[in-house]
Amino acid sequence: KVGVIYVKEGQYTEEEILDNNDHSESFDEFLTILGDKVKLKGFDKYKGGLDTVHDLTGLHSVYTHWRGIEIMFHVSTLLPYEKSDPQKLQRKRHVGNDIVCVVFLEADNTRFSPSCIKSHFLHTFIVVRCSPKIKFSPTRYETSVVTRDEVGAYKPYLWEQSVFTKGPMFRDWILAKIVNGE
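So, here is what we can say about the structure in this document. (Residues numbered from 1 in each chain as written. Predicted model: local features only at pLDDT ≥ 70, side-chain atom pairs only at ≥ 80, totals over all residues. Heavy atoms only, no water.)

1. What about the nonpolar core?
Operational definition: Working definition of a nonpolar core: buried Ala, Val, Leu, Ile, Met, Phe, Trp, Tyr and Cys residues. They are joined through side-chain atoms within 4.5 Å. For the exposure calls, accessible area comes from a 1.4 Å probe over protein chains only, and a residue counts as buried if that area is under 20% of its type's maximum, exposed if over 50%, partly exposed in between. Each helix is a run of DSSP H or I of at least 4 residues and each strand a run of E of at least 2, with the numbering of both proceeding from the N terminus. Whether two residues are in contact is decided by their heavy atoms, any of which lying within 4.5 Å being enough.
Of all hydrophobic cores here, the largest spans 28 residues; its most connected members are Phe 30, Leu 34, Phe 73, Ile 174 and Ile 178. Those elements giving two or more residues to this core turn out to be strand S1 (2–7), helix H2 (25–34), strand S3 (60–66), strand S4 (69–75), strand S5 (100–105), strand S6 (124–129) and helix H4 (168–181). Discounting residues that sit within four places of it in the chain, Leu 34 has contacts with Val 4, Val 62, Thr 64, Phe 73, Arg 171, Ile 174, Leu 175 and Ile 178. Among the nonpolar cores identified, the runner-up in size contains 21 residues, and Val 7, Val 38, Phe 43 and Phe 112 belong to it.

2. A look at the pattern of salt bridges
Where side chains of opposite charge bring their charged atoms close, a pairing between them can arise. Threshold: Salt bridge criterion: a side-chain nitrogen from Lys or Arg within 4 Å of a carboxyl oxygen from Asp or Glu.
In this structure the tally under the stated criterion is eight salt bridges. Across the pair Lys 41 and Asp 55 runs a salt bridge, and its minimum N-O distance is 3.9 Å. On the criterion of sequence distance, the pair formed by Lys 41 in the loop between strand S2 (36–39) and S3 and Asp 55 in the loop between S2 and S3 is long-range, its members being 14 residues apart. With relative accessibility at 43%, the residue Lys 41 sits in the partly exposed group. Judged by relative accessible area, which is 25%, Asp 55 ranks as partly exposed.

3. Quick notes on the packing of aromatic side chains
Heads up, the rule is: Only Phe, Tyr and Trp rings are paired, with Trp represented by its six-membered ring, and only when their centres lie within 6.5 Å; those with planes under 30 degrees apart are stacked, over 60 edge-to-face, the remainder tilted.
Applying the stated rule across the entire model yields 11 aromatic pairs. Judged by centre distance (4.9 Å) and plane angle (45°), the rings of Tyr 6 and Phe 27 are tilted. Residue Tyr 6 is located in strand S1, and its partner Phe 27 is located in helix H2; the two are separated by 21 residues in the primary sequence. Residue classification places Tyr 6 among the buried residues on the basis of a relative accessible area of 3%. Taken together, a centroid distance of 5.5 Å and an interplanar angle of 55° make the contact between Phe 112 and Phe 125 tilted. Taken as a pair, Phe 112 in the loop between S5 and S6 and Phe 125 in strand S6 lie far apart in primary sequence, 13 residues in all. For the pair shown, Phe 112 and Phe 125 are each scored as buried.

4. Some thoughts on the packing of H2 against H4
Note the threshold: The angle between two axes is taken between their N-to-C directions and runs from 0 to 180 degrees, where each axis is a line fitted to C-alpha atoms and a helix contributes only its stretch in contact. If an angle is under 35 degrees, it is roughly parallel; if it is over 145, roughly antiparallel; if it lies from 65 to 115, roughly perpendicular; otherwise it is oblique. Classes in brief: Ala, Val, Leu, Ile, Met, Phe, Trp, Tyr, Cys and Pro nonpolar; Asp, Glu, Lys and Arg charged; the others, Gly included, polar.
One way to put it is that H2 packs onto H4 with a least axis distance of 9 Å and a crossing angle of 70°. Of the possible angle classes, the one that applies to H2 and H4 is roughly perpendicular. Two secondary-structure elements touch here, H2 through Phe 30, Ile 33 and Leu 34 and H4 through Phe 170, Arg 171, Ile 174, Leu 175 and Ile 178. Split by residue class, the contact of H2 with H4 holds seven nonpolar, no polar and one charged.

Rendered as structure tokens:
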């Protein structure tokens, strides 16, 4: 189970980030790299702690089966949203209990500090930036990895350039990084 959070320009706090109730087309495109959008009700594969009977953890999620490993993504914008809950505990309950979290930055000037997400479990953040201002075909993703001090460097490493073109090579790299981070 892996967290995925969506960060808009000018969002710096956990509350602002977890308050995103919708996301962009570029985030949807990125999610297709990670896996397939699945309906949770009746889902009969690895659930990653999500409810597949009563829709208590949302209607959909993203799932993949890669190299014999099942991965369920806890996508912040697909988890239940309660306006009356300023701390977004339903979302944080899942994302905050993961070890690896993929952070999608929507804008060029958006900065992300892992310290804004309070968790005892999150050890690795894979930060992916997609520039909405620069349209490439295929899409390019600028990527970086931030880990806690006690987590050493692990494969696959980033090359000198940390920009990936959308495609199978990026998918293999990011899924390998996620699995090895776990």
